[in-house]
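For reference, the chains in residue letters:
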Amino acid sequence: MAILVIAEHDNSTLKGATLNTITAAFEIASKTPGSELHLLVAGRDCQSVAEEAAKVDGVSKVLVADDASYEHQVAENVANLISQLGKDYSHIVASATSNGKNILPRVAALLDVGQISDITAVESEDTFQRPIYAGNAIATIQSLDSIKVITVRGTAFPAASIGACVESNAEITNIDSPASSDLARFVSEEVAQSDRPELTAAKVIISGGRGMGSGENFSILEQLADKLGAAVGASRAAVDAGFVPNDMQVGQTGKIVAPELYIAVGISGAIQHLAGMKDSKVIVAINKDEDAPIFSVADYGLVADLFDVMPELQLKL
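Thresholds applied
Residues numbered from 1 in each chain as written. Predicted model: local features only at pLDDT ≥ 70, side-chain atom pairs only at ≥ 80, totals over all residues. Heavy atoms only, no water. Pairing = 2+ DSSP bridges. Helix = DSSP H or I, 4+ residues; strand = E, 2+ residues; numbered from the N terminus. Axes fitted to C-alpha atoms, helices over the stretch in contact; angles between N-to-C directions. Contact = heavy atoms within 4.5 Å. Core = buried A, V, L, I, M, F, W, Y, C linked by side-chain atoms within 4.5 Å. Buried < 20%, exposed > 50% of the residue type's maximum accessible area, 1.4 Å probe, protein only. Polar contact = N/O pair within 3.5 Å; in protein donor to acceptor, adjacent residues only side chain to side chain.

(A) Just the sheet that holds strand β15 (residues 300–303), in detail. Across the sheet, five strands lie side by side as β12-β11-β13-β14-β15; this open sheet has parallel pairing. Of all strands in the sheet, those bounded by a partner on one side alone are β12 (231–234) and β15. On average, adjacent strands in this sheet sit at an angle of 15° to one another, irrespective of strand direction. Examined bridge by bridge, strand β14 (residues 282–287) and β15 share four bridges and lie parallel to one another. Paired with Ile286 across the bridge in β15 is Leu302. Lying over the sheet, helix α8 (residues 306–316) contacts β13 (261–265), β14 and β15, oriented at roughly 130° with respect to β14.

Shown next as structure tokens:
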């Protein structure tokens, strides 16, 4: 049997989270005798994604479904495709991103199997670990289903490497697409344009919390982020207060990140926020409350008023 990995992309390039997912799938394959990795690229005019995917180490075949119905990754259409293909696979694996969380539960329902969400470790071909209670406990889950449907927490696995040797490229196969679903249709999208890196891919992240006081004050973080080539995030408290849009939220109900450097400014460190960033390599916390929970996970902590510290930090940089 083979393992099917669902590629996440923008019809031109492969998203970094897919490389982490491939590593997890490769671990599953190593514990499943005779398994190989197949990667599904569903999109429109997405041949460049397929060619990039074919160079990823460990992938033996790339399946390409090139159709207008997959251009915007409408979950109903993509789930129909995956559920039809998935009957021939032992495992179906995708990133635990917004896209993966939107598509794979539908796939599991169509295949009438359970889903194992957000895994962080592979124990065997049917047993996995995943965090529960905001990461304060790790559950070991065993699936008895014939097809395992799994989402992967990307920060728990290193990215798969992309080989430079053309001879090692995986086979690319075009496949037919089933009829599109009439349950939903794409209307429009508004994409925020930014020169800063994506939160989930950034090596440096600066996040603000309720202590920022207002959305206008986030410009302080943006100026610092521009100096460091960093992404700007926020706590749920800042999002709920209307300071910034919810696509900037880091935490259990936002984005899970693990950058090289995470700077938390005016964030108290509620358990839900810590669950989304505590795997960062180096954590710096700036808060005037010395008892703030954020200091319990910080490598470096500064008890001070952020409005005094941030201008000085910018001058130093």
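(B) Representation of the nonpolar core in the model. Counting residues in each nonpolar core, the largest one holds 32 residues, and the members touching the most others are Ile22 and Val62. Among the secondary structure elements, those contributing two or more residues to this core are β1 (2–6), α1 (16–30), β2 (37–43), α2 (47–53), β3 (59–66), β5 (115–119) and β9 (148–152). Ranked by residue count, the leading element in this core is α1, at six residues. Setting aside chain neighbours within four positions, we find Val62 in contact with Leu39, Val41, Ala50, Ala53, Ala54, Ala170, Glu171, Ile172 and Thr173.

(C) Seen up close, the side chain of Asn287. The topology assignment puts Asn287 in strand β14. For Asn287, a relative accessible area of 10% gives the class buried. At a separation of 3.1 Å, a polar atom in the side chain of Asn287 contacts the main-chain carbonyl oxygen of Ile267. A distance of 2.9 Å separates the side chain of Asn287 from the backbone nitrogen of Asp289, its partner in a polar contact. Not counting residues up to four positions away in its chain, the partners in contact with Asn287 are Gly266, Ile267, Ser268, Ala292, Phe295, Leu302, Val303 and Ala304.

These results come straight from atomic positions and should not be treated as a statement about function.
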